[in-house]
Structures are given as C-alpha cells and as structure tokens.
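Each chain, written out:
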Number of protein chains: 2
Amino acid sequence: MKNTSLDKTDKAILKMLQQDCTLSVSEIAERVALTTTPCWKRIQRLEQQNIISKRVALLKPQNIGLDLVVVVMIKTSNHESTWLEKFAEHAASFDEVVEFYRLSGIYDYMLKVIVPDMSSFDVFYKKLVAKVNIAEVTSSFAMEQIKYTTALPIK
Amino acid sequence: MKNTSLDKTDKAILKMLQQDCTLSVSEIAERVALTTTPCWKRIQRLEQQNIISKRVALLKPQNIGLDLVVVVMIKTSNHESTWLEKFAEHAASFDEVVEFYRLSGIYDYMLKVIVPDMSSFDVFYKKLVAKVNIAEVTSSFAMEQIKYTTALPIK
DNA sequence: GTTGAAACGTATCTACC
DNA sequence: GGTAGATACGTTTCAAC
C-alpha cells in the first residue's frame, strides 16, 4: 500500500478514531464540519487504503491480573541469518511477547513482555532462552507505566 | 477497580474483542455458544468493570509516513522526586512518545518514540533533552518490527 | 462537496421463563 | 443461563443538487 496524502480532515478523523472507534459517523462528521455521507466515504477510503488497519478493544492489564511489564534487551552471539530468523520466530510465538524489535546499537533485540507476576516471568524466561544461544540478556522490570498509547503522532 | 475472576467464556470474548472489536454481539455469541442477550450482558459487565477500557482504531504507521521507531533508554543524574516528576511530565507530553516506563535495572527510563524519519527524531530529541539534565541517553533505532500487538496474553 | 430519506441491520433493554 | 419482542440507533446507499 503506497503512501497517500491526507488532508486536514482525514487527519482529524484519524485522530478521533485512534482515541475512540465507537464514535458514530454522524458524531465524527459533526466534529469535522461535514455531513455523514462524505465523512463515511472518507472513513471507507481510509480503511481500503489500509491506513486504518484494524479496530480493537484495549484491556486494562491490572484488571485481569497482568501486573508486570518487562523490557528484555538481547545481544546475540550468532549473527547468521538462519539463526536470527529461527530466534525471531521462536520469541514472537509467545503470547507474552507483545512487542519485538530488531535494533541498531548496543543491543540486537528488544522485547516487551507482559506477565502476571515475577514467577510467571521466570517460567517465560526459561522457555525463551531454552532453545537458543544468546550472548547477553538484560531484563528490566517496569516499576511504573508513565505512558502507553496506541495513537500514532499524526502531525 | 478490583480484580475480577473471569470464566472461560469471558476470556474467549475478550480474546476476540482484542483482535477485532467490530464483531457484532450475535457473531461473538455464536462463537462462544451463547445467545445474544447473555453475551451482550457479559460485554456490558466487562466494560463496567473497566476490563475493556476502550475501543480504538489502529493505524498502519508506514501508510501515514511514520517509518521510524526509536527505543530511548535513559539514565538520570538527578534522583529527586520533584525532578523525576517534572521530567516524566515533560517527556510524556510529546505525541511522539507512545510508551514510557520507569524501569528497574541499569536504565531508569525507557521511551518508545515514533517519528517519520531520522531528521524528525533529531528535532524531537533536541526538544526532549533541552529542558532537563540527563546523565546518559542511548537511542536505538528499530531496524525491523518483528511483532506488535495490543492483545494482552489472557491465559 | 451538500441534503434528505429510505432500507436495513444491530444494539439495547424489557419482560418473562 | 434462556427466548421473544419493541424500540431506538447506526450504518449504508441512493437520488438530486
């Protein structure tokens, strides 16, 4: 999907939907000073262009007993592409791994892991490193979540 | 909001809504072998209990020109609580900062930053560090996003 | 872009089993 | 947990401007 230029109205619509996708078309239309029909067409287009990729429910982790966020930084000892692929597939397969990036810089990978508690993390961690040979792993526990948003910064 | 026990059906509903919140109540009901009314009541309850906190649209960053994810790890030189609060407030105020944690371990803070490109990051970075005194900052650029999900691991 | 309206489906809520 | 049903609301589409 190629990059598409968005006008001011598109951006305003996206900002709203990023905060709350239960807003009705007529409500959104009103806020951007349009009527429902053109507003509805814009939203359809944004979905077809895959700019809006999905609509999801966000859960409060604390309210379902998921209290621990862990940032795992990894240095690999093996830099063969087949090994890397296998590792990536292995790590990504865990539900507990909610984010996973290959990085430039000192560390090769960063994982964000969500688990109920420390002992669950221990279980997860053992499974993560069981199959693979990793040079260095640093797990940092989140003492406080200062900010978390799924809303992308639209200028 | 206190922790509530969820039965198998609640969990199944949450898993679905974490993937796609446009599913109709009747569709969800069918999949969990319920009729619409009790299923609807469960969803209402999950919202009232703030287990479902919000419903949002997720955008494809690449399709709106946001191609760069940066992981910023920070060590602070000042550990006074007033300073920390001020710094946290300052950093969290940027739209580009989509996640922000205070950590245990070597680094004090981790920020996840999303920007269009390197030069935008540079602008952001200068603004971030302009006002505050930080001992050490390490910015790692995401070469590859291997996994990103908003779905929490419900067991 | 706009208005207005029709057609349709779904959500919501009630009453009752 | 279940059914049935009434209402209200949102979406979706169309015609005409």
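Residues numbered from 1 in each chain as written. Chains lettered and ligands numbered in written order. Predicted model: local features only at pLDDT ≥ 70, side-chain atom pairs only at ≥ 80, totals over all residues. Heavy atoms only, no water.

**Q** Mind showing me how you'd approach the protein's contact with DNA strand D here?
**A** By nearness alone, 13 residues border DNA strand D, and Val25(A), Trp40(A), Thr35(B), Pro38(B) and Arg42(B) come closest of all. Of what DNA strand D places within 4 Å of the protein, 81% of the atoms are sugar or phosphate. Between DNA strand D and Trp40(A), the relevant distance is 2.7 Å, taken from a phosphate oxygen to a side-chain nitrogen or oxygen of the residue. Thr35(B) has a polar side-chain atom sitting 2.9 Å from a phosphate oxygen of DNA strand D. (Near = heavy atom within 4 Å. Polar contact = N/O pair within 3.5 Å; in protein donor to acceptor, adjacent residues only side chain to side chain.)

**Q** What exactly am I supposed to notice about the protein's contact with DNA strand C here?
**A** All residues in the neighbourhood of DNA strand C are listed as Ala33(A), Leu34(A), Thr35(A), Thr37(A), Pro38(A), Arg42(A), Ser24(B), Val25(B), Thr37(B), Trp40(B) and Gln44(B). Counting only the atoms of DNA strand C that lie within 4 Å of the protein, the sugar and phosphate share comes to 80%. Contact distances for DNA strand C include 2.9 Å between a phosphate oxygen and a side-chain N or O atom of Trp40(B). Contributions of two or more residues to the surface near DNA strand C are made by α3 (36-48) of chain A together with α3 (36-48) of chain B. (Helix = DSSP H or I, 4+ residues; strand = E, 2+ residues; numbered from the N terminus.)

**Q** Can you walk me through the environment of Arg42(A) in this structure?
**A** One can find Arg42(A) in helix α3. Excluding its chain neighbours within four sequence positions, the residues that come into contact with Arg42(A) are Asp7(A), Thr9(A), Asp10(A), Ile13(A) and Leu34(A). (Contact = heavy atoms within 4.5 Å.)

**Q** Got a minute to help me understand the interface of chain A and chain B in this structure?
**A** Accessible area lost when the parts come together is the quantity often used to give the size of an interface. Contacts between the two partners involve 66 residues from chain A and, on the opposite side, 66 residues from chain B. At the junction of chain A and chain B, the tally comes to six salt bridges. In this structure, Arg102(A) and Glu144(B) form a salt bridge, with 2.8 Å as the shortest nitrogen-oxygen distance. The interface formed by chain A and chain B includes 40 residue pairs in polar contact (both at pLDDT 80 or more). Counting only elements with at least two residues in the side of chain A that touches chain B, the list comes to α1 (8-19), β1 (52-59), β2 (68-76), α4 (81-92), β3 (97-103), β4 (109-115) and β5 (134-148) of chain A. For the side of chain A that touches chain B, the element with the highest residue contribution is β5(A), accounting for ten residues. By residue class, the composition of the side of chain A that touches chain B is 37 nonpolar, 17 polar and twelve charged. Inspection of the sheet shows β1(A) paired to strand β1 (residues 52-59) of chain B by seven bridges, in the antiparallel sense. Counterpart to Ala57(A) in the pairing with β1(B) is Arg55(B). (Salt bridge = Lys/Arg side-chain N within 4 Å of Asp/Glu carboxyl O. Nonpolar A, V, L, I, M, F, W, Y, C, P; charged D, E, K, R; others polar. Pairing = 2+ DSSP bridges.)

**Q** Got a minute to help me understand the packing of aromatic side chains in this structure?
**A** To describe a pair of aromatic rings, you give the distance between the ring centres and the angle between the ring planes. Summed over the entire model, instances satisfying the criterion amount to 16 aromatic pairs over all chains. Arranged with centres 5.1 Å apart and planes meeting at 80°, the rings of Phe94(A) and Phe124(A) form a pair that is edge-to-face. Pair noted here: Phe94(A) is in the loop between α4 and β3 and Phe124(A) is in helix α5 (residues 118-130), with a separation of 30 residues, a long-range link. You'll find Phe94(A) and Phe124(A) in the same group, each marked buried. Look at Trp83(B) and Phe87(B): their rings are 5.5 Å apart centre to centre, the planes differ by 10°, and that puts the pair in the stacked class. With a gap of four residues between them, Trp83(B) and Phe87(B) both fall in helix α4 (residues 81-92), about one helical turn apart. There is no split in this pair, since Trp83(B) and Phe87(B) are both buried. Put simply, the rings of Phe94(A), Phe121(A), Phe124(A), Tyr125(A) and Phe141(A) pair up and form one aromatic cluster. Here the guanidinium or amino end of Lys75(A) rests over the ring plane of Tyr107(A), the centre of that ring lying 5.2 Å away. (Phe/Tyr/Trp six-rings, centres within 6.5 Å; stacked < 30°, edge-to-face > 60°. Buried < 20%, exposed > 50% of the residue type's maximum accessible area, 1.4 Å probe, protein only. Lys NZ or Arg CZ within 6 Å of the ring centre and 35° of its normal.)

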